[in-house]
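Given next are the chains, with one letter for each unit.
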Amino acid sequence: MASPLEMDLMSASGRSSEKLSLPTLQSKMKADPEGYNSELSLIYNQFKSSLELFLQQAALNFTSVSGIASDSTVAKDLGDRTMFLAHVTPFYPKELAQFPNELVRFLESSAKNLPSGLRVHVTQALILLINRNIIDIKETLEVFMVLQTVGDRVLKTLAFSHVIHSIKRMNQKHKNDPKNRALQNILFKMLQQEDEAKAKRALITLCDLHRRKVWFEDRTANAICMACFHPSPRIMIAALSFLLDFEKTEYGDDSDDSGEDEPTTPQPQVVLNKEAVYKVEYFFF
């Protein structure tokens, strides 16, 4: 027996003899975008209706340990439609022009109150859109930084990894100084906030990009130095810890020169360089 979604899709398409699951429909829409406009319209409208429901609940401050909307089926359906639309967006640039910004606004307003699984699905969909250059990281960096502060470890790892790898990839072939400065300004502003959780994530991100020599210029180093004067003692000590370990990594000790006669001996500087930035993060736990 066809599911409600399959029946809706058959009704929209007029293909009464064809049951269309989301994965099957996705493949067909990619192969023939113009032939499946009615299905796209149906699923997009369903997505917006579910989205509006969650936004209304968030506005009423329905919060709990597991987030709003205890009906896991509703959350799963919204997550499935979100990923589906993210995959077909490149084939419907005009029809889904507002879809990326709708995801950003959804996460900005409701991320803390959503079920964990739905948060991750929406975040993964947004990452997919960024990787396909449909929306720029400049428009999404702030929300990805905030996602790291909602208390969801899986989401924190996903968002942090995306930010680091996106900025690293952006600078692989050549340095895009105007774009780098725009992204740095977002992180510098966040680092100066009194909100310790946000400042912490900004500091960890800057330290990691500096350690990887992606942002290795004076501007980033000065921002990390300024964190030594942050109102939060933990931010201040974490910044100092990173800078002191980095100084050891850069300049080492004169006694290390004797190591030239022993090329097979592991260099202690490498260990320090690898661990320095993580001391910033682990200091908080």
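As a starting point, this report considers the structure included with it. This one's a predicted model, so the numbers in the text were calculated from it and none came from an experiment.

## Re the state of the cysteines
Working step 1: What the rule picks out here adds up to zero disulfides.
Working step 2: In this structure Cys207 is a free cysteine whose sulfur lies 9.4 Å from that of Cys228, the closest cysteine sulfur available.
Working step 3: When its relative accessible area of 0% is taken as the criterion, Cys207 is described as buried.
Working step 4: Cys228 carries a free sulfur, and the closest cysteine sulfur to it, the one in Cys225, is 5.9 Å from it.
Working step 5: Exposure remark for Cys228: the relative accessible area of 12% places this residue in the buried category.

## Quick notes on the packing of aromatic side chains
Working step 1: Under the counting rule described, the total for this entry stands at three aromatic pairs.
Working step 2: Relative to Phe47, the ring of Tyr44 lies with its centre 6.2 Å away and its plane at 15 degrees, an arrangement referred to as stacked. Of this pair, Tyr44 and Phe47 both sit in helix α3 (residues 37-59), three residues apart, which is roughly one turn of that helix. Like Tyr44, the residue Phe47 is buried in the burial classification.
Working step 3: Plain terms: the ring middles of Tyr44 and Phe99 are 6.4 Å apart, the flat faces sit at 80 degrees to each other, and that makes the pair edge-to-face. Highlighted residues: Tyr44 in helix α3 and Phe99 in helix α5 (residues 99-110), separated in sequence by 55 residues. Phe99 shares its class with Tyr44; the two are buried.
Working step 4: The structure contains a cluster of three or more aromatic residues connected by ring pairs, namely Tyr44, Phe47 and Phe99.

Thresholds applied
- Residues numbered from 1 in each chain as written.
- Predicted model: local features only at pLDDT ≥ 70, side-chain atom pairs only at ≥ 80, totals over all residues.
- Heavy atoms only, no water.
- Disulfide = S-S within 2.5 Å.
- Buried < 20%, exposed > 50% of the residue type's maximum accessible area, 1.4 Å probe, protein only.
- Phe/Tyr/Trp six-rings, centres within 6.5 Å; stacked < 30°, edge-to-face > 60°.
- Helix = DSSP H or I, 4+ residues; strand = E, 2+ residues; numbered from the N terminus.

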